[in-house]
Amino acid sequence: MPNRPVEIGPAGLHTARAIEYLRLVRGLTQHQLAARCTALGRPMANTALSRTERARRRCDVDDLVALATALGVSPTALLLPLPSLSGDDRRGC
């Protein structure tokens, strides 16, 4: 029986959007954020980051910690709704 890819659930979708949102707010390209993660000891290609932001790749806990550190937030900030945004401005986060 072939392996079936695990679907990304609501928390994963929110996290993907939060990563992209915070990256853009900080004025970082995907390449720059991926390079920051690599410098922190978690090698990441910008293509992996792109796939994560588009919810085409799961964000494991090691990626989550590295991305949060590189973005200057706690990992919890990527998991929970963004408090500074409300209503339609949340872009689905």
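Heads up: the structure comes first, above all this text.
Residues numbered from 1 in each chain as written. Predicted model: local features only at pLDDT ≥ 70, side-chain atom pairs only at ≥ 80, totals over all residues. Heavy atoms only, no water.

A. Expanded view of the packing of helix H1 (residues 10-25) against helix H4 (residues 61-71). Contact geometry for H1 and H4: axes closest at 10 Å, N-to-C directions at 25 degrees. The angle between H1 and H4 places the two elements in the roughly parallel class. Classified by chirality, the crossing of H4 by H1 is left-handed. Every residue of H4 that contacts H1 at Thr 15, Ile 19, Leu 22 and Arg 23 is listed here: Leu 64, Leu 67 and Leu 71. In terms of residue class, the contact of H1 with H4 is made up of 5 nonpolar, 1 polar and 1 charged. (Axes fitted to C-alpha atoms, helices over the stretch in contact; angles between N-to-C directions. Helix = DSSP H or I, 4+ residues; strand = E, 2+ residues; numbered from the N terminus. Parallel < 35°, antiparallel > 145°, perpendicular 65-115°, else oblique. Left-handed = near helix turned anticlockwise from the far one by under 90°. Contact = heavy atoms within 4.5 Å. Nonpolar A, V, L, I, M, F, W, Y, C, P; charged D, E, K, R; others polar.)

B. Structural detail: helix H2 (residues 30-39). Looking at H2, one finds that the buried residues are Leu 33, Ala 34 and Cys 37. Taken around the axis of H2, the buried residues stretch over an arc of 100 degrees, which confines them to a single face. Exposed residues on H2 whose side chains face more than 90 degrees from its buried face are His 31 and Ala 39. Here the buried face of H2 lies against H1, helix H3 (46-53) and H4. Once H2 ends, the next one or two residues include Gly 41, with phi positive near 100 degrees. (Buried < 20%, exposed > 50% of the residue type's maximum accessible area, 1.4 Å probe, protein only. Arc of directions from axis to C-beta.)

C. A look at the pattern of salt bridges. Throughout the structure, instances matching the rule amount to 4 salt bridges. Notably, a salt bridge pairs Glu 53 with Arg 23, separated by 2.6 Å at the nearest N-O pair. Highlighted residues: Glu 53 in helix H3 and Arg 23 in helix H1, separated in sequence by 30 residues. This pair shows no difference in class: Glu 53 is buried, exactly as Arg 23 is. Here Asp 63 ties to Arg 42 by a salt bridge, and the two come within 2.8 Å at their closest N and O atoms. Of the two residues, Asp 63 is situated in helix H4 and Arg 42 in the loop between H2 and H3; the sequence distance between them amounts to 21 residues. Judged by relative accessible area, Asp 63 falls into the buried class, the value being 1%. The partly exposed category is assigned to Arg 42, whose relative accessible area is 26%. Members of the salt-bridge network, linked through shared partners, are Arg 42, Arg 57, Asp 60 and Asp 63. (Salt bridge = Lys/Arg side-chain N within 4 Å of Asp/Glu carboxyl O.)

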